[in-house]
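Read off the chains here:
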Amino acid sequence: QVSLVESGGGLVQAGASLRLSCACSRCILSTFNNYDMAWFRQAPGKEREFVASIEGGSGGRTGYADSVKGRFTISKNNSKKMWYLQMNSLKYEDTAIYYCAAGKDVQDVRDYDSWGQGTQVTVPS
């Protein structure tokens, strides 16, 4: 397991943008790229849901929930041991606590064995 810390959340108006960051504080630089990573979110009274993912390794294949496709972009910076979630055209429905998660050889959500503490994103109606 590694230690993950999210940042970048806040209160923004509909249509605005935010960039969330996830720092991997106990990742070894030489192995950082081996981690698969994902962003999840949980709104009040709702189940946690998948938002976006990026595979480790040279491919870096990405995946997105339908609700964010075309608006959100997941990326990473290996040298900084950071992952990002660029969120554009934010909507009220994007209001949630956003969590980053990491794991190796992820095949299922249960394979993400490291989670951050979450960062709040609020888009007023």
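The structure reproduced in this document is the subject of the present report. (Residues numbered from 1 in each chain as written. Predicted model: local features only at pLDDT ≥ 70, side-chain atom pairs only at ≥ 80, totals over all residues. Heavy atoms only, no water.)

Let's shift gears to the side chain of D36. You can see D36 is positioned in strand β4 (residues 35-42). There is no salt bridge for the buried D36, and the closest opposite charge comes from K76, which lies 7.0 Å off by N-O distance. Within polar-contact distance, the side chain of D36 engages the backbone nitrogen of D105 at 3.4 Å. A distance of 2.8 Å separates a polar side-chain atom of D36 from the backbone nitrogen of V106. (Helix = DSSP H or I, 4+ residues; strand = E, 2+ residues; numbered from the N terminus. Buried < 20%, exposed > 50% of the residue type's maximum accessible area, 1.4 Å probe, protein only. Lys, Arg positive; Asp, Glu negative; His and termini not counted. Salt bridge = Lys/Arg side-chain N within 4 Å of Asp/Glu carboxyl O. Polar contact = N/O pair within 3.5 Å; in protein donor to acceptor, adjacent residues only side chain to side chain.)

Counting through the fold element by element, A65 comes out in the loop between β6 (62-64) and β7 (72-77). On the basis of relative accessibility, which here comes to 13%, the residue A65 falls in the buried class. Separated by 10 residues in the primary sequence, A65 and S75 have C-alpha atoms spaced 15 Å apart. Leaving out residues up to four positions away in the same chain, A65 has contacts with F50 and V51. (Contact = heavy atoms within 4.5 Å.)

Fair warning: the whole summary comes from geometry, so function is off the table for now.
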